[in-house]
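Report on the structure
In case you want the letters, here they are:
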Amino acid sequence: MNLCITFFIYLNQPKPADMSEKESTFKPFVPAETKMAEFTVKSVVTGAIFGIIFGTATVYLALKAGLTVSASIPIAVMSILLGKLFLKTTVLENNIIQTTGSASESIAAGVVFTLPGFLFLSEVNSANYFQYFTILILAIIGGILGTLMMIPLRRSLIVQEHATLPYPEGTACASVLKAGEKGGDLAKTAIWGVVFAMGYAALQKIFHVIKDVPEFATKQVNKVFPSAKISGEITPEYMGVGYIIGPKITGILVAGGVLSWFVLIPLLASIINPDLIAAQLAKLGYLADITKPGGPGGWDPVTHDFSDWSTAIYRAYIRQIGAGAVAAGGFITLIKTIPTIISSFKGSIKSLKKTSGISTTEAVPRTERDLSIKIVGFGSLFLILIIAFLPGTLIPGSSIGSKLLLGLLVIVFGAFFVTVSSRIVGLIGSTNNPISGMTIATLMGTCLVFIAVKWTGYFYEPMALVVGGMICIAAANAGATSQDLKTGYLIGATPRYQQIALFIGVIVSSFAIGYTVKILDTPTTQMMAQGIQHAIGTDKYPAPQGTLMATLIRGILSFNLDWQFVLVGVFIAVVVELCGIRSLSFAIGLYLPLSTTLPIFLGGAVRGLVDFRNKRKGIKLSAEEEDLGKGNLFATGLVAGGALAGVIVAVLSVNEKVSSSLNHVNAEPGLTQWLGSEGYKWLGVAAFVIMGLVLYRIAIRNKIKV
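1. Things to note about helix α13 (residues 373-389)
- Taking 1.5 Å as the rise per residue, α13 with 17 residues should run 24 Å; its terminal C-alpha atoms sit 25 Å apart, in good agreement.
- Turning to α13, its buried residues number three or more, namely V376, G379, S380, L383, I384, I387 and A388.
- For α13, the N-terminal capping position is held by S372, with its side-chain oxygen 3.0 Å away from the main-chain nitrogen of K374.

Laid out in structure tokens, this is it:
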């Protein structure tokens, strides 16, 4: 009862006073009466190109590590450099470039976090929906929905609550654009990061001078600590991501990996018969039959042994435990943010009512011109009709009526969670936006509606995922759109042009994102020899959030889960949360291979060393100065360059002739013969350490000329 009273008081606490007075005193960087080039062909085309680049990079990174980084600031930095050297753009054109391009990062995140779930549903044929045109359509509809729903909210959230909703990334991006207009060398550090990452990636992925994944493991025959493995995919993008997100979150991530690979796997290796592990792998579809060799860990039916016990146990048990932990962590995150969600929605509706009373008879200043509210209404109706009348081969559903229900659910959940997402990122930033929690809530709500109308079983699982996927994309894009509109408000942009640019960015980047997903999902020759049809879902591209969404849907609609393993993960997440640690971050670390989380942690450790040095020397940096610091910019370049190199190599590897040609420049056999297998591993470790030292040295020279 006390909890209910506290919750009621929280929801009804006084809201901030009307910001109209403070709004009237605000002066943008470019005044409303100024006439300046803004929505031009070169700005839109350049932004679309950046959208393709950062969209593909985000897909790669999200599939590998389940993480993304903001694209707005890197694109703004690059636009300033190109503007000064070649394009001769204005600050408003640079803003359109970053607005158009930044839509790609949120679309890619929404796609990758949900749609790979088609591969993990109960019915094997559900994987047929994981095709290019389905991904493209869902990405475009979800992205357009997120931008549409933000049109009526812009004035209430961005303008009227300017003083109470800071929108951290949007404010930082505006600072970058202002600094670039005043002159400086912001872009050089990021460009050097891209160049360094591309060079490192060429040595690693093409010439194989640097080993991809050095690993060191104890033997299964050991009586003490058997089959414990430490490994790291020592890539520049992981180093950069770790530096950007910092030591605290990366420490929690790697802690989950330590529990998996140094506690659970050695424990299970000590007590479980190999035949039981093989049977579990066969049940999950990793092995055709326990009498046939192959599968994760290299099962040998003759000797009844695995060549790699830790990988076999990870696939048979740990991933299911991890999926349960991620599901529980996401649900806990949702519960914790329910008060914020409800108060955010109430505040947004209240602000919207105030906005609706503003007279439209007066001449509207350039900086207050939005797209018409009619576009929102007709656009939403049009999206519902598209969903309803698309063929069943693209959108699951037995009839137009069933798909109309899907469209209605998308609009209803979309209107709610777009509003919530925008307000939350205004308070705590896009990085901390609980998109997974909102998607889980959407999936649970959709599944409950399905159960109410007697839609249970395998057939309806992909339909639920369609709703969850579009809402995830819409909520992610709404958060990014809000940051872009905040940047535009501070700079003095025309909102209508930004909104059109966002629509263009959504559509263009969706084409590239869908193509990239399908390219990365193409199995290698070795995978096909093992009977693997999709690279996504393997250790190469684990796609943790997609697995989570499929796990939830299967459990609710089809009751098709190994609950004994899932519940272990659930209560691990509960224990971690009770210890005051973010359970979702820990759970993602538990699910992902240690080879992913360890190098990310090492990047975070470099950031920790830089912060420690600054603290010891009494150097205090504001959040804006950290965003514009050389360490962050170089790390951003590492992420962009490394991820793009990974995508390029993946595209080249699909062609067998090109792949065989690359084998001719493979230095691994020669280096292994010269240094030995252990020496070759340590050469890779040394290269990664050198990259960390370079990042550290650049970061401690934190001053950027502006």
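2. Concerning the environment of V689
- Locating V689 in the fold gives a position in helix α26 (residues 668-700).
- Given a relative accessible area of 47%, V689 falls into the partly exposed group.
- Along the primary structure V689 and I234 are separated by 455 residues, whereas in three dimensions their C-alpha atoms are 9.4 Å apart.

3. Here we look at the environment of S402
- Turning to its location among the elements, S402 is positioned in helix α14 (residues 400-428).
- When the C-alpha atoms of S402 and M463 are compared, they prove to be 9.2 Å apart, with 61 residues separating the residues in sequence.
- The contacts of S402, once residues within four sequence positions are left out, are G397, W455 and M463.

4. Digging into the packing of aromatic side chains
- The final tally for this structure, using the stated rule, is 17 aromatic pairs.
- Here the aromatic rings of F306 and W309 are separated by 5.8 Å at their centres, their planes lie at 80°, and the arrangement is edge-to-face.
- A connected cluster of aromatic rings, assembled from ring pairs, spans F450, W455, F459 and Y460.
- Its end group placed over the ring of F216, K681 keeps NZ or CZ at 5.2 Å from the ring centre.

5. Considerations on the nonpolar core
- Counting residues in each nonpolar core, the largest one holds 176 residues, and the members touching the most others are V111, F118, I277, I313 and F450.
- Sequence-distant contacts of I277, defined by excluding residues within four places in its chain, comprise I272, F306, W309, A312, I313, A316 and Y317.
- In this structure, A197, L638, A687 and M691 belong to the second largest nonpolar core, which totals 18 residues.

6. Some words on the side chain of T46
- One can find T46 in helix α3 (residues 41-65).
- Taking relative accessible area as the criterion, T46 reaches 11% and is therefore assigned buried.
- Those residues in contact with T46 that lie beyond four places of it in its chain are L82, L87 and I97.

7. Here we look at the pattern of salt bridges
- Under the counting rule described, the total for this entry stands at 10 salt bridges.
- One salt bridge connects E38 with R366, and the closest N-O pair in it is separated by 3.8 Å. Of this pair, E38 sits in the loop between α2 (20-25) and α3 while R366 sits in the loop between α12 (309-356) and α13, and the two are 328 residues apart along the sequence. R366 shares its class with E38; the two are buried.
- Between D308 and K229 there is a salt bridge whose closest N-O contact spans 2.9 Å. Pair noted here: D308 is in the loop between β4 (305-306) and α12 and K229 is in strand β2 (residues 229-231), with a separation of 79 residues, a long-range link.
- Its relative accessible area of 21% is what places D308 among the partly exposed residues.
- When its relative accessible area of 6% is taken as the criterion, K229 is described as buried.

8. Some remarks on the packing of α3 against helix α4 (residues 72-87)
- Look at α3 against α4: their axes get within 11 Å of each other, and the N-to-C directions meet at 135°. Judged by the inter-axis angle, α3 sits oblique to α4. Along this stretch, α3 crosses α4, giving a crossing that reads as right-handed. Between α3, through K42, T46, F50 and F54, and α4, the contact on the second element is made entirely by P74, I75, M78, S79, L82 and L87.

9. A closer look at the packing of helix α20 (residues 563-578) against helix α21 (residues 583-591)
- Contact pair α20 / α21: the axes reach a minimum separation of 9 Å and the direction vectors enclose 135°. Here α20 lies oblique to α21, going by the angle between them. As α20 runs across α21, the sense of the crossing is right-handed. Facing α20, whose interface residues are I572, A573, V576 and E577, α21 presents S583, F586 and L590.
- Among the residues forming the contact of α20 with α21, the class breakdown is 5 nonpolar, 1 polar and 1 charged.

Cut-offs and rules
Residues numbered from 1 in each chain as written. Predicted model: local features only at pLDDT ≥ 70, side-chain atom pairs only at ≥ 80, totals over all residues. Heavy atoms only, no water. Helix = DSSP H or I, 4+ residues; strand = E, 2+ residues; numbered from the N terminus. Expected span 1.5 Å × (residues − 1). Buried < 20%, exposed > 50% of the residue type's maximum accessible area, 1.4 Å probe, protein only. Polar contact = N/O pair within 3.5 Å; in protein donor to acceptor, adjacent residues only side chain to side chain. Contact = heavy atoms within 4.5 Å. Phe/Tyr/Trp six-rings, centres within 6.5 Å; stacked < 30°, edge-to-face > 60°. Lys NZ or Arg CZ within 6 Å of the ring centre and 35° of its normal. Core = buried A, V, L, I, M, F, W, Y, C linked by side-chain atoms within 4.5 Å. Salt bridge = Lys/Arg side-chain N within 4 Å of Asp/Glu carboxyl O. Axes fitted to C-alpha atoms, helices over the stretch in contact; angles between N-to-C directions. Parallel < 35°, antiparallel > 145°, perpendicular 65-115°, else oblique. Left-handed = near helix turned anticlockwise from the far one by under 90°. Nonpolar A, V, L, I, M, F, W, Y, C, P; charged D, E, K, R; others polar.

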